[in-house]
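Structural overview
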Amino acid sequence: MISQDVAPYAVRLEQARGRLYPEPEAPTRSPWQRDRDRVLHSAGFRTLQYKTQVFINHEGDFFRTRLTHSLEVAQIARSVARQLRLDEDLTEALALAHDLGHTPFGHAGEDALKLCMKDWGGFDHNTQSIRLVTLLEARYHDFDGLNLTWETLEGLAKHNGPVKRPTPYLAEYDSRHHLDLTSFASAEAQVAAMSDDIAYHGHDLDDGLRAGLLQMEDVENLPIVGEALARARLGAKVTESFDRERRIRNETIRRVINVLATDLSQQTRANIAALKPQSADDIRNAPFAVVAFSEEMAQANKEIRKFLYARMYRHWRVNRMTRKARLATTEIFGILTEDLSLLPDGWRERAKKADEAMQKRIVADYIAGMTDRFAMDEHRRLTELSVLG
(Lines give C-alpha, C1' and ligand atoms only; values in the text may rest on other atoms or scores of the structure.)
Protein backbone atom coordinates (compact mmCIF):
# COMPACT_ATOMS: atom_id res chain seq x y z
CA MET A 1 0.00 0.00 0.00
CA ILE A 2 1.35 3.43 -0.96
CA SER A 3 1.26 5.91 1.92
CA GLN A 4 1.10 9.66 1.42
CA ASP A 5 4.12 11.73 2.41
CA VAL A 6 2.50 13.52 5.32
CA ALA A 7 3.75 15.68 8.17
CA PRO A 8 4.50 14.21 11.63
CA TYR A 9 1.34 15.88 13.03
CA ALA A 10 -0.92 14.35 10.36
CA VAL A 11 -2.92 11.18 10.92
CA ARG A 12 -0.59 8.38 9.87
CA LEU A 13 -1.23 4.82 8.78
CA GLU A 14 1.05 3.30 11.39
CA GLN A 15 -0.99 4.99 14.14
CA ALA A 16 -4.44 4.08 12.76
CA ARG A 17 -6.82 2.69 15.39
CA GLY A 18 -8.82 0.41 13.12
CA ARG A 19 -12.55 -0.26 12.87
CA LEU A 20 -15.15 -1.38 15.39
CA TYR A 21 -15.55 -4.60 13.38
CA PRO A 22 -12.08 -5.73 12.23
CA GLU A 23 -11.65 -6.19 8.48
CA PRO A 24 -8.68 -7.20 6.32
CA GLU A 25 -6.86 -4.20 4.89
CA ALA A 26 -7.16 -3.52 1.17
CA PRO A 27 -3.94 -4.03 -0.84
CA THR A 28 -4.47 -1.00 -3.09
CA ARG A 29 -6.28 1.56 -0.90
CA SER A 30 -5.58 3.15 2.46
CA PRO A 31 -8.23 2.80 5.21
CA TRP A 32 -9.33 6.39 4.58
CA GLN A 33 -9.61 5.89 0.84
CA ARG A 34 -11.95 3.00 1.65
CA ASP A 35 -13.92 5.23 4.04
CA ARG A 36 -14.28 7.87 1.33
CA ASP A 37 -15.47 5.26 -1.15
CA ARG A 38 -17.99 3.83 1.33
CA VAL A 39 -19.40 7.31 1.89
CA LEU A 40 -19.63 7.95 -1.85
CA HIS A 41 -21.51 4.68 -2.41
CA SER A 42 -23.87 5.13 0.53
CA ALA A 43 -27.58 5.80 0.16
CA GLY A 44 -27.26 8.76 2.50
CA PHE A 45 -24.77 10.47 0.21
CA ARG A 46 -26.97 10.01 -2.85
CA THR A 47 -29.97 11.61 -1.14
CA LEU A 48 -27.94 14.81 -0.58
CA GLN A 49 -28.55 15.56 -4.26
CA TYR A 50 -32.14 16.50 -3.42
CA LYS A 51 -31.70 18.03 0.03
CA THR A 52 -31.87 21.76 0.67
CA GLN A 53 -28.86 23.95 1.27
CA VAL A 54 -30.79 27.25 1.41
CA PHE A 55 -33.31 26.92 -1.41
CA ILE A 56 -35.88 24.10 -1.48
CA ASN A 57 -35.01 21.60 -4.20
CA HIS A 58 -37.76 22.59 -6.65
CA GLU A 59 -36.87 26.32 -6.56
CA GLY A 60 -34.19 25.97 -9.22
CA ASP A 61 -31.66 23.59 -10.74
CA PHE A 62 -28.72 25.98 -10.40
CA PHE A 63 -28.82 26.52 -6.64
CA ARG A 64 -26.62 24.47 -4.34
CA THR A 65 -27.91 21.31 -2.70
CA ARG A 66 -26.32 19.43 0.19
CA LEU A 67 -24.54 17.27 -2.38
CA THR A 68 -22.96 20.11 -4.35
CA HIS A 69 -22.11 21.81 -1.06
CA SER A 70 -20.35 18.65 0.17
CA LEU A 71 -18.37 18.38 -3.07
CA GLU A 72 -17.28 22.01 -2.80
CA VAL A 73 -16.24 21.48 0.83
CA ALA A 74 -14.22 18.43 -0.21
CA GLN A 75 -12.43 20.37 -2.96
CA ILE A 76 -11.44 23.18 -0.59
CA ALA A 77 -10.53 20.79 2.22
CA ARG A 78 -8.31 18.66 0.02
CA SER A 79 -6.47 21.73 -1.27
CA VAL A 80 -5.82 23.01 2.25
CA ALA A 81 -4.79 19.55 3.46
CA ARG A 82 -2.24 19.36 0.67
CA GLN A 83 -0.79 22.71 1.71
CA LEU A 84 -0.46 21.52 5.31
CA ARG A 85 0.82 18.02 4.38
CA LEU A 86 -2.11 16.27 6.00
CA ASP A 87 -3.74 13.04 4.86
CA GLU A 88 -5.87 14.19 1.93
CA ASP A 89 -8.00 11.04 1.77
CA LEU A 90 -9.12 11.26 5.40
CA THR A 91 -9.79 14.98 4.96
CA GLU A 92 -11.87 14.30 1.85
CA ALA A 93 -13.81 11.46 3.52
CA LEU A 94 -14.75 13.77 6.40
CA ALA A 95 -15.74 16.61 4.08
CA LEU A 96 -17.98 14.34 2.02
CA ALA A 97 -19.59 12.76 5.09
CA HIS A 98 -20.09 15.81 7.30
CA ASP A 99 -23.68 16.54 6.13
CA LEU A 100 -25.00 12.99 5.80
CA GLY A 101 -27.34 13.49 8.75
CA HIS A 102 -29.09 16.56 7.40
CA THR A 103 -32.86 16.41 7.10
CA PRO A 104 -34.94 17.47 4.10
CA PHE A 105 -35.55 21.23 3.92
CA GLY A 106 -32.21 22.07 5.51
CA HIS A 107 -32.21 23.66 8.95
CA ALA A 108 -35.99 24.16 8.78
CA GLY A 109 -36.49 20.39 8.77
CA GLU A 110 -33.89 19.93 11.50
CA ASP A 111 -35.52 22.56 13.71
CA ALA A 112 -38.89 20.86 13.28
CA LEU A 113 -37.53 17.41 14.19
CA LYS A 114 -35.62 18.87 17.11
CA LEU A 115 -38.87 20.24 18.52
CA CYS A 116 -40.76 17.00 17.80
CA MET A 117 -38.05 14.98 19.58
CA LYS A 118 -37.37 17.33 22.51
CA ASP A 119 -38.84 14.87 25.04
CA TRP A 120 -37.32 11.83 23.34
CA GLY A 121 -33.58 12.50 23.21
CA GLY A 122 -33.64 15.46 20.82
CA PHE A 123 -32.41 15.62 17.24
CA ASP A 124 -29.09 16.89 15.92
CA HIS A 125 -27.80 16.50 12.36
CA ASN A 126 -24.22 15.84 13.53
CA THR A 127 -25.39 12.92 15.68
CA GLN A 128 -27.63 11.79 12.85
CA SER A 129 -24.54 11.55 10.62
CA ILE A 130 -23.02 9.21 13.21
CA ARG A 131 -26.27 7.19 13.38
CA LEU A 132 -26.26 6.87 9.63
CA VAL A 133 -22.70 5.57 9.27
CA THR A 134 -22.76 3.35 12.38
CA LEU A 135 -26.33 1.99 12.30
CA LEU A 136 -28.78 3.00 9.58
CA GLU A 137 -26.86 2.25 6.39
CA ALA A 138 -27.52 -1.38 5.47
CA ARG A 139 -24.96 -2.39 2.84
CA TYR A 140 -23.00 -5.20 4.49
CA HIS A 141 -24.07 -8.59 5.85
CA ASP A 142 -21.54 -8.56 8.72
CA PHE A 143 -22.49 -5.30 10.44
CA ASP A 144 -24.85 -2.33 10.46
CA GLY A 145 -23.61 0.99 9.14
CA LEU A 146 -20.45 1.49 7.10
CA ASN A 147 -17.88 0.37 9.71
CA LEU A 148 -15.73 3.43 9.12
CA THR A 149 -12.34 3.83 10.77
CA TRP A 150 -11.89 5.32 14.21
CA GLU A 151 -10.25 8.39 12.69
CA THR A 152 -13.20 9.14 10.42
CA LEU A 153 -15.76 8.59 13.17
CA GLU A 154 -13.74 10.75 15.56
CA GLY A 155 -13.65 13.50 12.97
CA LEU A 156 -17.40 13.33 12.35
CA ALA A 157 -18.13 13.43 16.09
CA LYS A 158 -15.70 16.23 16.96
CA HIS A 159 -15.18 18.29 13.79
CA ASN A 160 -16.69 21.32 15.57
CA GLY A 161 -14.53 20.82 18.65
CA PRO A 162 -14.58 18.74 21.86
CA VAL A 163 -17.98 17.31 22.78
CA LYS A 164 -18.76 18.18 26.40
CA ARG A 165 -22.38 16.99 26.45
CA PRO A 166 -22.81 14.15 23.95
CA THR A 167 -26.28 13.28 22.76
CA PRO A 168 -27.69 9.95 24.02
CA TYR A 169 -26.80 8.03 20.87
CA LEU A 170 -23.28 9.46 20.65
CA ALA A 171 -22.70 8.66 24.33
CA GLU A 172 -23.96 5.10 23.81
CA TYR A 173 -21.77 4.58 20.75
CA ASP A 174 -18.77 6.08 22.53
CA SER A 175 -19.21 3.52 25.31
CA ARG A 176 -18.65 0.78 22.72
CA HIS A 177 -16.05 2.50 20.54
CA HIS A 178 -14.32 5.21 22.56
CA LEU A 179 -13.83 8.34 20.44
CA ASP A 180 -12.02 10.55 23.00
CA LEU A 181 -14.85 13.07 22.83
CA THR A 182 -13.31 15.58 25.24
CA SER A 183 -10.27 16.37 23.07
CA PHE A 184 -10.04 18.16 19.75
CA ALA A 185 -10.21 16.14 16.55
CA SER A 186 -7.34 15.61 14.14
CA ALA A 187 -6.04 18.42 11.95
CA GLU A 188 -7.74 16.68 9.02
CA ALA A 189 -11.15 16.96 10.72
CA GLN A 190 -10.49 20.58 11.67
CA VAL A 191 -9.65 21.40 8.04
CA ALA A 192 -12.89 19.79 6.88
CA ALA A 193 -14.87 21.86 9.41
CA MET A 194 -13.24 25.16 8.44
CA SER A 195 -13.63 24.34 4.74
CA ASP A 196 -17.36 23.96 5.42
CA ASP A 197 -17.44 27.61 6.56
CA ILE A 198 -15.48 28.76 3.52
CA ALA A 199 -17.70 26.88 1.10
CA TYR A 200 -21.04 28.01 2.45
CA HIS A 201 -19.98 31.64 2.77
CA GLY A 202 -18.91 31.59 -0.85
CA HIS A 203 -21.78 29.70 -2.41
CA ASP A 204 -24.53 31.19 -0.25
CA LEU A 205 -23.43 34.65 -1.37
CA ASP A 206 -23.40 33.36 -4.94
CA ASP A 207 -26.86 31.78 -4.66
CA GLY A 208 -28.26 34.84 -2.91
CA LEU A 209 -27.04 37.12 -5.70
CA ARG A 210 -28.23 34.68 -8.37
CA ALA A 211 -31.70 34.48 -6.78
CA GLY A 212 -32.03 38.24 -6.48
CA LEU A 213 -32.25 38.14 -2.68
CA LEU A 214 -29.03 40.17 -2.63
CA GLN A 215 -27.75 42.85 -4.98
CA MET A 216 -24.15 43.71 -5.78
CA GLU A 217 -24.47 47.04 -3.95
CA ASP A 218 -25.53 45.12 -0.82
CA VAL A 219 -22.10 43.49 -0.51
CA GLU A 220 -19.87 46.38 -1.59
CA ASN A 221 -18.98 47.29 2.00
CA LEU A 222 -18.85 43.73 3.32
CA PRO A 223 -15.35 42.73 4.52
CA ILE A 224 -13.43 40.53 2.08
CA VAL A 225 -16.39 40.45 -0.31
CA GLY A 226 -16.36 44.18 -1.07
CA GLU A 227 -12.66 44.17 -1.92
CA ALA A 228 -13.06 41.02 -4.03
CA LEU A 229 -15.93 42.66 -5.92
CA ALA A 230 -13.92 45.83 -6.55
CA ARG A 231 -10.99 43.82 -7.92
CA ALA A 232 -13.32 41.70 -10.05
CA ARG A 233 -14.87 44.82 -11.58
CA LEU A 234 -11.47 46.40 -12.17
CA GLY A 235 -10.09 43.29 -13.82
CA ALA A 236 -13.10 42.52 -16.02
CA LYS A 237 -11.90 42.31 -19.62
CA VAL A 238 -15.22 41.34 -21.19
CA THR A 239 -16.97 44.71 -20.97
CA GLU A 240 -19.66 44.36 -23.62
CA SER A 241 -20.77 40.83 -22.89
CA PHE A 242 -24.42 40.18 -22.00
CA ASP A 243 -23.22 38.06 -19.07
CA ARG A 244 -20.69 40.57 -17.71
CA GLU A 245 -22.43 40.80 -14.32
CA ARG A 246 -22.50 37.02 -14.01
CA ARG A 247 -18.78 36.86 -14.76
CA ILE A 248 -18.08 39.54 -12.17
CA ARG A 249 -20.17 37.66 -9.60
CA ASN A 250 -18.32 34.42 -10.32
CA GLU A 251 -14.94 36.15 -10.12
CA THR A 252 -15.91 37.79 -6.84
CA ILE A 253 -16.87 34.48 -5.23
CA ARG A 254 -13.72 32.81 -6.53
CA ARG A 255 -11.61 35.55 -4.97
CA VAL A 256 -13.49 35.34 -1.65
CA ILE A 257 -12.90 31.58 -1.41
CA ASN A 258 -9.23 32.00 -2.33
CA VAL A 259 -8.65 34.70 0.30
CA LEU A 260 -10.30 32.62 3.03
CA ALA A 261 -8.49 29.38 2.12
CA THR A 262 -5.13 31.15 1.86
CA ASP A 263 -5.54 32.81 5.25
CA LEU A 264 -6.58 29.50 6.81
CA SER A 265 -3.46 27.77 5.51
CA GLN A 266 -1.13 30.59 6.56
CA GLN A 267 -2.53 31.01 10.07
CA THR A 268 -2.56 27.25 10.64
CA ARG A 269 1.08 27.02 9.60
CA ALA A 270 1.88 29.74 12.15
CA ASN A 271 -0.07 27.89 14.84
CA ILE A 272 1.77 24.67 14.04
CA ALA A 273 5.13 26.44 14.14
CA ALA A 274 4.33 27.76 17.63
CA LEU A 275 2.94 24.46 18.94
CA LYS A 276 5.61 22.23 17.35
CA PRO A 277 3.39 19.11 17.31
CA GLN A 278 5.13 15.82 16.63
CA SER A 279 2.05 13.63 16.28
CA ALA A 280 -1.66 13.74 15.53
CA ASP A 281 -2.28 13.35 19.26
CA ASP A 282 -0.37 16.59 19.88
CA ILE A 283 -2.95 18.30 17.65
CA ARG A 284 -5.81 16.57 19.49
CA ASN A 285 -4.48 17.54 22.91
CA ALA A 286 -3.60 21.13 22.06
CA PRO A 287 -5.30 23.80 24.22
CA PHE A 288 -6.88 25.38 21.13
CA ALA A 289 -8.05 24.48 17.64
CA VAL A 290 -4.86 24.47 15.59
CA VAL A 291 -6.60 24.90 12.23
CA ALA A 292 -7.93 28.45 12.34
CA PHE A 293 -8.25 31.79 10.59
CA SER A 294 -6.23 34.81 11.63
CA GLU A 295 -8.01 37.11 14.09
CA GLU A 296 -8.71 39.63 11.33
CA MET A 297 -10.18 36.99 9.03
CA ALA A 298 -12.20 35.37 11.82
CA GLN A 299 -13.79 38.75 12.56
CA ALA A 300 -14.51 39.29 8.87
CA ASN A 301 -16.15 35.87 8.73
CA LYS A 302 -18.41 36.78 11.64
CA GLU A 303 -19.52 39.88 9.74
CA ILE A 304 -20.26 37.84 6.61
CA ARG A 305 -22.23 35.32 8.66
CA LYS A 306 -24.18 38.08 10.40
CA PHE A 307 -24.94 39.68 7.03
CA LEU A 308 -26.14 36.39 5.50
CA TYR A 309 -28.43 35.67 8.44
CA ALA A 310 -29.99 39.13 8.36
CA ARG A 311 -30.26 39.64 4.61
CA MET A 312 -30.57 36.15 3.14
CA TYR A 313 -31.47 33.37 5.59
CA ARG A 314 -34.16 35.64 7.11
CA HIS A 315 -35.34 37.09 3.79
CA TRP A 316 -39.13 37.05 3.59
CA ARG A 317 -39.09 34.65 0.62
CA VAL A 318 -36.85 32.23 2.50
CA ASN A 319 -38.96 32.68 5.65
CA ARG A 320 -42.09 31.60 3.78
CA MET A 321 -40.47 28.41 2.52
CA THR A 322 -38.96 27.78 5.96
CA ARG A 323 -42.37 28.03 7.63
CA LYS A 324 -43.97 25.67 5.13
CA ALA A 325 -41.10 23.21 5.50
CA ARG A 326 -41.37 23.18 9.29
CA LEU A 327 -45.13 22.65 9.13
CA ALA A 328 -44.82 19.79 6.64
CA THR A 329 -42.09 18.07 8.66
CA THR A 330 -44.02 18.45 11.91
CA GLU A 331 -47.23 17.11 10.35
CA ILE A 332 -45.48 14.08 8.86
CA PHE A 333 -43.94 13.29 12.25
CA GLY A 334 -47.25 13.72 14.08
CA ILE A 335 -49.25 11.58 11.68
CA LEU A 336 -46.73 8.72 11.60
CA THR A 337 -46.12 8.61 15.35
CA GLU A 338 -49.86 8.66 16.00
CA ASP A 339 -50.46 5.72 13.65
CA LEU A 340 -47.44 3.48 13.08
CA SER A 341 -49.41 1.37 10.59
CA LEU A 342 -48.86 4.17 8.06
CA LEU A 343 -45.11 3.56 7.99
CA PRO A 344 -43.71 1.64 4.99
CA ASP A 345 -42.66 -2.00 5.24
CA GLY A 346 -39.55 -2.53 7.31
CA TRP A 347 -39.93 0.72 9.21
CA ARG A 348 -43.37 -0.37 10.43
CA GLU A 349 -42.19 -3.76 11.69
CA ARG A 350 -39.25 -2.20 13.54
CA ALA A 351 -41.42 0.48 15.14
CA LYS A 352 -44.09 -1.92 16.38
CA LYS A 353 -41.46 -3.97 18.24
CA ALA A 354 -39.97 -0.90 19.94
CA ASP A 355 -40.83 1.04 23.07
CA GLU A 356 -42.35 4.51 22.76
CA ALA A 357 -39.06 6.42 22.78
CA MET A 358 -37.58 4.19 20.08
CA GLN A 359 -40.76 4.47 18.00
CA LYS A 360 -40.30 8.25 17.94
CA ARG A 361 -36.64 7.80 17.00
CA ILE A 362 -37.49 5.40 14.17
CA VAL A 363 -39.95 7.90 12.71
CA ALA A 364 -37.33 10.66 13.04
CA ASP A 365 -34.80 8.44 11.25
CA TYR A 366 -37.33 7.81 8.48
CA ILE A 367 -38.02 11.52 8.00
CA ALA A 368 -34.36 12.53 8.26
CA GLY A 369 -33.51 10.21 5.38
CA MET A 370 -36.04 11.83 3.03
CA THR A 371 -35.14 14.19 0.22
CA ASP A 372 -37.04 17.46 -0.16
CA ARG A 373 -39.01 15.99 -3.03
CA PHE A 374 -39.87 12.76 -1.22
CA ALA A 375 -40.91 14.66 1.92
CA MET A 376 -43.26 16.89 -0.09
CA ASP A 377 -44.75 13.84 -1.82
CA GLU A 378 -45.08 11.98 1.49
CA HIS A 379 -46.85 14.94 3.05
CA ARG A 380 -49.33 14.97 0.18
CA ARG A 381 -49.83 11.19 0.42
CA LEU A 382 -50.62 11.50 4.12
CA THR A 383 -52.85 14.57 3.98
CA GLU A 384 -54.53 14.91 0.58
CA LEU A 385 -57.42 12.61 -0.38
CA SER A 386 -56.75 13.09 -4.09
CA VAL A 387 -53.24 11.59 -3.79
CA LEU A 388 -52.83 7.82 -3.67
CA GLY A 389 -51.13 6.49 -0.53
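Everything discussed here concerns the structure shown above.
Now for a description of the structure that goes with this document. (Residues numbered from 1 in each chain as written. Predicted model: local features only at pLDDT ≥ 70, side-chain atom pairs only at ≥ 80, totals over all residues. Heavy atoms only, no water.)

Regarding its fold elements, the chain presents 17 helices and zero strands. For 389 residues, the compact-globule estimate of 2.2 N^0.38 gives 21 Å, and the chain sits close to it at 22 Å. In terms of overall dimensions, the chain has a C-alpha envelope of 65 × 55 × 35 Å along the principal axes. Relative to its 389 residues, the chain shows a buried fraction of 54%. Total accessible area on the chain is roughly 18,600 Å²; 51% of this is exposed by carbon and sulfur atoms. Side chains of the chain give 54 positive and 58 negative charges; the mean places of these two sets differ by 2 Å. (Helix = DSSP H or I, 4+ residues; strand = E, 2+ residues; numbered from the N terminus. Rg over C-alpha atoms; globule rule 2.2 N^0.38 Å. Buried < 20%, exposed > 50% of the residue type's maximum accessible area, 1.4 Å probe, protein only. Areas by Shrake-Rupley, 256 points an atom, 1.4 Å probe, with all protein chains shown as cover. Lys, Arg positive; Asp, Glu negative; His and termini not counted. Charge placed at Lys NZ, Arg CZ, Asp CG, Glu CD.)

For the rest of this paragraph, the subject is the nonpolar core. The biggest cluster of nonpolar side chains holds 82 residues, and the ones touching the most others in it are Leu86, Leu100, Leu179 and Leu205. Of the residues forming this core, the biggest block, eleven residues, is contributed by helix H9 (residues 187–211). Listed in part, the 21 residues of the second largest apolar core include Leu343, Val363, Tyr366 and Ala368. (Core = buried A, V, L, I, M, F, W, Y, C linked by side-chain atoms within 4.5 Å.)

Before going further, it helps to examine the pattern of salt bridges. Once the charged atoms of two side chains with opposite charge are near each other, the side chains can pair. This structure, assessed with the given rule, holds 38 salt bridges. With a shortest N-O distance of 3.1 Å, Asp37 and Arg36 are connected by a salt bridge. Neither residue differs from the other here; Asp37 and Arg36 are each classed as buried. Between Asp281 and Arg284 there is a salt bridge, and its shortest N-O distance comes to 2.8 Å. One end of the pair, Asp281, and the other, Arg284, are both in helix H12 (residues 280–284), three residues apart, so they sit about a helical turn from each other. (Salt bridge = Lys/Arg side-chain N within 4 Å of Asp/Glu carboxyl O.)

Another point: the environment of Glu72. With respect to the secondary-structure elements, Glu72 resides in helix H3 (residues 66–84). Spatially, the C-alpha atoms of Glu72 and Ala95 are 8.9 Å apart, while their sequence positions differ by 23 residues. Ignoring anything within four residues of it in the chain, the contact list for Glu72 reads Arg64, Ala199 and His203. (Contact = heavy atoms within 4.5 Å.)

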